[in-house]
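Listed here are the chains, written in short residue letters.
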Amino acid sequence: MARAPKTTQTAPPHPLVAHLQGRIEGLTSAVLVFPLFLVYQLGILSGRGQNGVDFVTQALIRVSHRDLSQYLVILAGLLVAYAAVVVLLRRRGQLAPRAFVPMLVESTFYALIMGSIIVFVIRQFAGIVPGLVVGGAGPLDVVVISAGAGFHEELIFRVILMGGLAWLLTGLTGARRAWLLALVLSSLAFSLAHHIGPVGEPFTFAAFVYRTLAGVFFALVYQIRGFAVAAWTHALYDVYVLSLTA
């Protein structure tokens, strides 16, 4: 009687290795980035600065008719919906709680590397960290400001603007050139937006170039790793740099 061939079982990859094997897409990105959204939406209730490209809060305020209790009810409803989606995805095997940890580790690595390089270069060649000093910002202010920047700026400039431009230009230039043009244009718009409006900072060439390069970095992270990693990288980077300069 012939024996059945032995099957070798390979050990599952380390969670961080498995995490790095593919881009984080769609619903999973939304689940992983929701804590940034919630921290910011609650933080601005204490009077901390609203992000310049935050159109979500304006919509929530209109829906709640500028009533704080209704605003909190809406946030509570969003939190319940978030919890339901997490439970559903877990039951389907599409999301594990430990998925948050490797995403956070990866984002922290990118934020520290990028922050250290940019702070060093700008200080060496210009003697400043342009536009990152927030007067009188305490630790909680830094967290709220950074969470808002990570969520809202990545949503507007990477997901909507860069993604939309790439989609529109693909038929004209081909996918690769469209993506490159979208990356450059969205990064320039990201930098310029910090100098526009009543709370915009005075324009300087150093600050503009600095933020354009930062936009390119975030765009690359978004394109390769997805919205969640880009948003958390941006938020943690801001926490790191604002903590150094506040």
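In the block above lies the structure referred to throughout.
Because the structure is predicted, anything quoted here is derived from the model rather than measured. (Residues numbered from 1 in each chain as written. Predicted model: local features only at pLDDT ≥ 70, side-chain atom pairs only at ≥ 80, totals over all residues. Heavy atoms only, no water.)

Colleague: For this particular structure, what's the right way to read the overall build of the protein?
Modeller: Each helix and strand in the protein was counted, giving 9 helices and 0 strands. Counting helices and strands in the order they occur from the N terminus, the protein gives α-α-α-α-α-α-α-α-α. Taking all contacts inside the protein whose residues are at least 6 apart in sequence as the whole, residues at least 24 apart take part in 73%. For the protein, the computed accessible surface area is about 14,000 Å², with 69% contributed by carbon and sulfur atoms. (Helix = DSSP H or I, 4+ residues; strand = E, 2+ residues; numbered from the N terminus. Contact = heavy atoms within 4.5 Å. Areas by Shrake-Rupley, 256 points an atom, 1.4 Å probe, with all protein chains shown as cover.)

Colleague: Help me understand helix α6 (residues 139-173) in this model?
Modeller: Each turn of an α-helix holds 3.6 residues, which means side chains three or four residues apart point in the same direction. For α6, the principal kink sits at Glu154 and spans about 35 degrees. Following α6 by one or two positions, Gly174 has its phi on the positive side, about 95 degrees. (Bend = angle between axes of the 7 residues up to and from the residue.)

Colleague: Just to check I follow, could you spell out the packing of aromatic side chains for this structure?
Modeller: How two aromatic rings sit relative to each other is given by the distance of their centres and the angle of their planes. As enumerated under the stated definition, the model contains 11 aromatic pairs in all. Here Phe157 and Phe190 contribute two aromatic rings whose centre-to-centre distance is 5.5 Å and whose plane-to-plane angle is 80 degrees, an arrangement assigned as edge-to-face. With a gap of 33 residues between them, Phe157 in helix α6 and Phe190 in helix α7 (residues 175-193) connect regions that are remote in the sequence. Between the aromatic rings of Phe218 and Tyr237, the centroid separation amounts to 5.9 Å while the plane-to-plane angle is 70 degrees, which identifies the pairing as edge-to-face. (Phe/Tyr/Trp six-rings, centres within 6.5 Å; stacked < 30°, edge-to-face > 60°.)

Structural measurements only, silent on function.
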